[in-house]
Each structure stands twice: as structure tokens, then as C-alpha cells.
Amino acid sequence: VLNTTFVVGSGLDHETQAKKLALLQLSLPAGQVLGLAVVAASAAAGLSISGIFLVMAAATLAFTAVVYFVNGAAAGRVHAVALSKVLDYDEAPTARVSVRAVLISQFGLALTLTFLLMLSAEGIESQYASYMESVFGLAPELSATGLSVIMLITIPLYLVAGRWTARSGPKVPLVASAVMRALAGAGLLLLPKSA
């Protein structure tokens, strides 16, 4: 979230911003693929579940520290852009905006829809291993491996989406991805025992 804010708030041109956001989003599938490799190596070394959890927690803390230190320049750019848009005290104060007005605005609608989209996506992903085991009889470790392989395959798609957004703007890729996601979900419902 912080890195996305830094990219969007840095005042980049549309094309550069789209490409940088696409590269940034690669951290998710890369992390899932590398995370599985670390878990597998830790398990092969005989570490307990608690030990593996501690290894992953330590990695999370280490990467958080790296993000903190390498984003100083980006944070400075965002801060400078924000300061350049601050109103002078001599200007007339704007009318107060209520929470209700924000929630029923276009921004509020977008926020609500995004929240529901993220909630459903995270809900499905958090139950992925359980779903694959109960519907298809796949062991959780096998479905976790499958998810990482899928993430590895999707890495080039992030780059394609970034270039597509840079060329045509965000609306067309967003609608196309939403339609593909809906079709994929409908396809899963057609599989045996999917209900």
C-alpha cells in the first residue's frame, strides 16, 4: 500500500506510472513463489511448523525494514507534491464535507465496490487449500504448490497488463480483467461438486 501510494503520488506521467505499478505488483506472485521455496527448504531441513513460522515472520520484518529504508526518496517526492497542493491560509475555507456525503459520492461507491471485491477475493484465497481438498481431494500442500505455480505463470501477465494500461488507460484493462474473473468463477461453479 505504501509503495503504491509512492508511485501514484510521485507525479509521474500516466505511461510511466502504469509500468511502475505493474512492476510493483510483481512482488505478490514473486513473494508467493519464493515463500513456498523457503517453506519447502525449511521443512526439508527438519524445522518444526513453529520454526518455519518464525523464519517467515523474520523475513517479513526484514523486508519491511528494507522497504522503509529504500523509499525515502519516493516519500520525499510524494511529500513535495502534497505540499505544492496545500491551500494558502489567505484563501477562503471550503465547506465541510460530511462522512455521509463522501460515502454516497462516486468515491464512496468506488470504495465500497473495491472493499467488496477485495473481501471476496481474500475470502476465496484464504480458503483455497480447504476448497481444493474438499472438492477435488487434493492435499493442502499440493494445492499450495499449485497456487505458487499459478502465481509463477501469472508473472508475465502483470507486465502485459502494465503495458496495456500504459497504452489505453486503466478502464479497458480493468473491465476486461473483471469479465475474465467473472467467467473463471462461473467456470469453477460448473465443475463437479463445486456447489
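Brief notes about the overall build of the chain
Counting its secondary structure elements, the chain contains 10 helices and zero strands. Its helices and strands in sequence order give the chain the pattern α-α-α-α-α-α-α-α-α-α, from N to C terminus. Against the globule reference of 16 Å for 195 residues, the chain gives a C-alpha radius of gyration of 21 Å, more extended than a compact globule. Reported as C-alpha extents along the three principal axes, the dimensions of the chain are approximately 65 × 40 × 35 Å. Counting the 195 residues in the chain, one finds 16% classified as buried. Counting only contacts in the chain whose residues sit at least 6 apart along the sequence, the fraction spanning at least 24 positions is 60%.

What about the pattern of salt bridges?
For the structure on display, the rule yields one salt bridge. Across the salt bridge formed by K19 and E15, the nearest N and O atoms sit 3.2 Å from each other. Residue K19 and its partner E15 are both found in helix α2 (residues 14-25); the two are separated by four residues, about one turn of the helix. For K19, a relative accessible area of 39% puts it in the partly exposed group.

Some thoughts on the packing of helix α8 (residues 128-136) against helix α9 (residues 140-168)
In a packed pair of helices, the relevant descriptors are the angle between the two axes and the axis-to-axis distance. Running from amino to carboxyl end, α8 crosses α9 at an angle of 120 degrees, the nearest separation of the two axes being 9 Å. When the interaxial angle is binned, α8 and α9 end up oblique. Helix-helix and strand crossings are classified by hand; for α8 and α9 the assignment is right-handed. Judged by residue contacts, Y128, A129, M132 and E133 of α8 engage P140, S143, L147 and I150 from α9. When grouped by side-chain class, the residues that make up the contact of α8 with α9 number six nonpolar, one polar and one charged.

Overview of α2
Along its 12 residues, α2 runs 16 Å from first to last C-alpha, staying within 8% of the 16 Å computed at 1.5 Å per residue. Taken together, the buried positions of α2 are occupied by Q17, A18 and A22. End-on view of α2: buried residues confined to an arc of 135 degrees, all on one side of the axis. With a side-chain oxygen lying 3.2 Å from the backbone nitrogen of E15, the N-terminal cap of α2 falls on D13.

A short note on the environment of Y128
Within the fold, Y128 resides in helix α8. Take Y128: its relative accessible area is 19%, and that puts it in the buried class. With residues up to four places along the chain from it excluded, the contact list for Y128 reads S143, L147 and I150.

Overview of the side chain of S42
Relative to the helices and strands, S42 resides in helix α3 (residues 27-44). Within the structure, S42 has its side chain in polar contact with the backbone oxygen of V38 (distance 2.8 Å). Setting aside residues no more than four positions away along its own chain, S42 makes contact with L47, I52 and V55.

Things to note about the packing of α9 against helix α10 (residues 171-190)
Contact pair α9 / α10: the axes reach a minimum separation of 8 Å and the direction vectors enclose 135 degrees. As far as their axial angle goes, α10 and α9 are oblique. Note on element contacts: α10 touches α9 through V172, P173 and A176, opposite W164, T165 and S168. In terms of residue class, the contact of α9 with α10 is made up of four nonpolar, two polar and no charged.

Thresholds, definitions, all that
Residues numbered from 1 in each chain as written. Predicted model: local features only at pLDDT ≥ 70, side-chain atom pairs only at ≥ 80, totals over all residues. Heavy atoms only, no water. Helix = DSSP H or I, 4+ residues; strand = E, 2+ residues; numbered from the N terminus. Rg over C-alpha atoms; globule rule 2.2 N^0.38 Å. Buried < 20%, exposed > 50% of the residue type's maximum accessible area, 1.4 Å probe, protein only. Contact = heavy atoms within 4.5 Å. Salt bridge = Lys/Arg side-chain N within 4 Å of Asp/Glu carboxyl O. Axes fitted to C-alpha atoms, helices over the stretch in contact; angles between N-to-C directions. Parallel < 35°, antiparallel > 145°, perpendicular 65-115°, else oblique. Left-handed = near helix turned anticlockwise from the far one by under 90°. Nonpolar A, V, L, I, M, F, W, Y, C, P; charged D, E, K, R; others polar. Expected span 1.5 Å × (residues − 1). Arc of directions from axis to C-beta. Polar contact = N/O pair within 3.5 Å; in protein donor to acceptor, adjacent residues only side chain to side chain.

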